[in-house]
Amino acid sequence: MAAPFSPFLFRPGIFRRPLARTGSAVAADPARAAAGNMAAGRPFRACACFFSANIFVELCGMHVCYRDERQLRRDYGRALRERGCGSEEQMAAVLREIEAEVERRKHLVHQSAERKAIISQCYKRKHSEVYTLQDSFLAPGFLEIVRYCTSPDANLHGLLRYTESFSDKRIFRLPVFTEEFVQAFIEELENFEQSDMPKGRPNSMNNYGVLLNELGMDESFITPLREKYLRPITALLYPDVGGACLDSHKAFVVKYSLHEDLDLSSHYDNAEVTLNVSLGKDFTEGNLYFGEFRQDPSPVPNYIEVEHVATQGLLHRGGQIHGALPIASGERWNLIIWMRSSAIRNQLCPMCNQKPQLVEAEGFGDGFTETCEEDVPETVDLCSVW
Ligand SMILES: O=C(O)CCC(=O)C(=O)O
Ligand SMILES: [Fe+2]
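Residues numbered from 1 in each chain as written. Chains lettered and ligands numbered in written order. Predicted model: local features only at pLDDT ≥ 70, side-chain atom pairs only at ≥ 80, totals over all residues. Heavy atoms only, no water.

The name an unreviewed UniProt entry gives the protein chain is 2-oxoglutarate and iron dependent oxygenase domain containing 2, with Gallus gallus as the organism. Check the Cofactor (unreviewed entry) section of the UniProt entry for the protein chain; it says "L-ascorbate". (UniProt positions renumbered as here; feature names shortened; annotations may be inferred.)

## Comments concerning unusual backbone geometry
That bond from Gly280 to Lys281 is cis: its omega, -10°, falls within 30 degrees of zero. In this structure, Lys281 sits in the loop between β12 (273-278) and β13 (283-285). Positive phi, normally seen in glycine, also occurs at Ser167, with a value near 45°. Here Ser167 is to be found in the loop between β7 (164-166) and β8 (171-175). Relative accessible area serves as the criterion here: at 45%, Ser167 is assigned to the partly exposed category. For Arg170, which is not glycine, the phi dihedral falls at a positive 60°. (Helix = DSSP H or I, 4+ residues; strand = E, 2+ residues; numbered from the N terminus. Buried < 20%, exposed > 50% of the residue type's maximum accessible area, 1.4 Å probe, protein only.)

## Describing the packing of aromatic side chains
What the rule picks out here adds up to 14 aromatic pairs. Ring centres of Phe181 and Phe221 lie 5.6 Å apart, and the angle between their planes is 25°; this geometry places the pair in the stacked category. On the criterion of sequence distance, the pair formed by Phe181 in helix α5 (residues 179-194) and Phe221 in helix α7 (residues 218-237) is long-range, its members being 40 residues apart. Relative accessible area serves as the criterion here: at 3%, Phe181 is assigned to the buried category. Between Tyr289 and Tyr303, the aromatic rings sit 5.7 Å apart at their centres with planes inclined by 65°, giving edge-to-face as the arrangement. Taken together, the residues Tyr289 in strand β14 (residues 288-293) and Tyr303 in the loop between β14 and β15 (304-306) connect sequence positions 14 residues apart. (Phe/Tyr/Trp six-rings, centres within 6.5 Å; stacked < 30°, edge-to-face > 60°.)

## Points about the site of ligand 1
In the vicinity of ligand 1, 17 residues are found, and the nearest of them are Tyr256, Asp269, Asn276, His322 and Arg332. In the environment of ligand 1, an oxygen atom lies 3.1 Å from a nitrogen or oxygen atom belonging to the side chain of His267. The contact in question runs from an oxygen atom of ligand 1 to an N or O atom on the side chain of His322, over 3.0 Å. The set of elements that each furnish at least two residues to the shell around ligand 1 consists of β10 (248-257), β11 (264-269), β17 (320-324) and β18 (327-340). Ranked by the residues each element gives to the shell around ligand 1, the list is headed by β18, at four residues. Looking at the shell around ligand 1 residue by residue, the class counts come to nine nonpolar, six polar and two charged. (Near = heavy atom within 4 Å. Polar contact = N/O pair within 3.5 Å; in protein donor to acceptor, adjacent residues only side chain to side chain. Nonpolar A, V, L, I, M, F, W, Y, C, P; charged D, E, K, R; others polar.)

## Overview of the side chain of Arg340
Its place among the elements puts Arg340 in strand β18. Arg340 sits in the buried class, given a relative accessible area of 0%. A distance of 3.4 Å separates polar atoms of two side chains, one belonging to Arg340 and the other to Asp366.

## Quick word on the pairing of β18
Taken residue by residue, a regular strand's side chains alternate between the two faces of the sheet. Within β18, ten of the 14 residues are buried, which leaves the element mostly enclosed by the surrounding structure. Where β10 meets β18, ten bridges bridge the pair, whose relative direction is antiparallel. Among the inter-strand pairings, Ala251 is bridged to a residue of β18, identified as Ile337. As paired elements, β12 and β18 share six bridges and run antiparallel to each other. Note that in β18 the partner of Val277 across the bridge is Leu335. (Pairing = 2+ DSSP bridges.)

## What to know about the nonpolar core
Ranked by size, the top nonpolar core spans 54 residues in total, and within it Phe142, Phe177, Leu212, Leu215, Leu225 and Ile233 carry the most contacts. In terms of residue count, α7 provides more of this core than any other element does, eight residues in total. Setting aside its immediate chain neighbours within four residues, Leu225 contacts Leu133, Leu138, Phe142, Phe177, Leu230 and Ile337. (Core = buried A, V, L, I, M, F, W, Y, C linked by side-chain atoms within 4.5 Å. Contact = heavy atoms within 4.5 Å.)

## Overview of the coordination of the iron ion (ligand 2)
Donor atoms from the polypeptide that coordinate the iron ion (ligand 2) comprise His267 (NE2), Asp269 (OD) and His322 (NE2), at 2.1 to 2.2 Å from the metal. Within one chain, the residues serving as donors to the iron ion (ligand 2) are arranged as H-x1-D-x52-H. Note that Asp269 is positioned in strand β11 and His322 in strand β17, a separation of 53 residues in sequence. When sorted by exposure, Asp269 lands in the same class as His322, which is buried. (Donors = N, O, S within 2.8 Å, 3.2 Å for Na, K, Ca; no water.)

## Regarding the pairing of β17
For β17, the tally of buried residues reaches five of five residues, placing the bulk of the element in the interior. Side chains of β17 alternate between two faces, with Gln320, His322 and Ala324 and Ile321 and Gly323 buried alike. Strand direction decides the pairing type here: β14 and β17, joined by four bridges, are antiparallel. The residue of β17 that forms the bridge with Phe293 is Gln320.

## What to know about the environment of His110
Note on placement: His110 falls in helix α2 (residues 88-122). Residues His110 and Glu362, spaced 252 residues apart in sequence, show a C-alpha to C-alpha distance of 8.9 Å.

## Considerations on the environment of Thr311
Along the chain, Thr311 turns up in the loop between β15 and β16 (312-317). For Thr311, a relative accessible area of 14% translates into the label buried. With 128 residues separating them along the chain, Thr311 and Gln183 place their C-alpha atoms 9.6 Å apart. Excluding its chain neighbours within four sequence positions, the residues that come into contact with Thr311 are Pro175, Val176, Phe177, Thr178, Glu179, Val182, Val277 and Ser278.

As structure tokens, this is what we get:
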């Protein structure tokens with residue numbers, strides 16, 4: 001159910017934080033092609049802005065771009081002072097925080113590859129069947145939607161009869177999984193959580209959850225889910241942001257509980273289209289809220305609140321500003337799939353809003369690929385981008 005947005009969320013500083021990915025640049029991996037992490041024969045790349053853009057400074061609650069101290073003082077001196085970081089001592093602490101975050105980002109991909117290797121060798125799965133997508137995991141209503149979207153006369157108008165939509169923000173709710181699958185999936189995630197395996201952070205804002213590529217679910221579960229089932233739907237819902245040509249993803253599970261993360265601040269995703277599926281468990285409050293699309297700023301943001309329903313998914317454009325309100329009790333687990341279109345992001349990196357400066361990457365990287373001049377018209381036609 002959509003509801004008017006609660007006024008406390010208008011507090012300054014929570015609006016429009018980009019939620020940075022945890023992947024970044026490393027030497028190319030020759031095994032990647034075998035794992036299917038290629039777009040039209042080209043390896044995926046990241047944008048160099050990962051090492052300088054959208055760095056969240058917790059001390060003063062704002063994001064900054066960082067090249068060096070002089071640039072930081074010039075570009076953010078005033079904003080930092082206004083947020084209580086005016087003294088030289090505070091400035092030194094801010095610089096330490098930023099430099100530690102840049103260092104963390106530099107090592108992140110190597111550490112993720114190490115964790116993935118350890119998990120694949122040592123982790124004892126509880127429900128090994130949940131690692132390979134099967135039709136029986138999917139809700140009958142979802143399969144019906146996919147059947148419609150892959151039929152020859154499918155169109156947006158027809159699809160909207162099967163989904164619930166919220167305001168004019170192009171946010172849609174649809175059934176995704178069966179209850180039995182969600183139950184087994186949660187048990188598997190809890191089994192992993194309780195194991196002594198190394199664990200990474202899902203992204204730069206969520207502290208608790210599971211990175212599904214590290215767990216080994218990308219190739220046999222998330223990729224077929226995106227290609228075979230989700231893409232026919234997103235092609236009709238979001239053709240203008242690359243919904244027809246989503247060719248990579250970053251998938252993770254986020255977890256909120258009273259003694260861990262309670263909520264998620266306002267942000268946009270490093271994705272063209274996001275699927276957010278509620279996995280339960282039992283919780284109260286914790287609704288999602290959505291504001292404007294990041295490229296359509298409005299002087300008076302118009303927020304809507306959307307309740308999440310276990311086993312169901314919400315589809316939205318990654319650039320739609322959103323966040324999660326605090327839970328009041330229980331545990332809230334969600335499967336998040338950030339889906340990316342190289343044809344779209346190769347033109348403009350959504351995180352720095354510039355032509356991406358490509359750097360080598362592991363796996364799907366951040367969904368960019370090398371392009372040649374002659375690629376562009378064909379790609380644009382194919383996805384009806386503009
Ligand atoms: O907790 C949620 O439902 C939202 C998570 C989210 O927006 C994200 O991880 O990008
Ligand atoms: Fe998000």
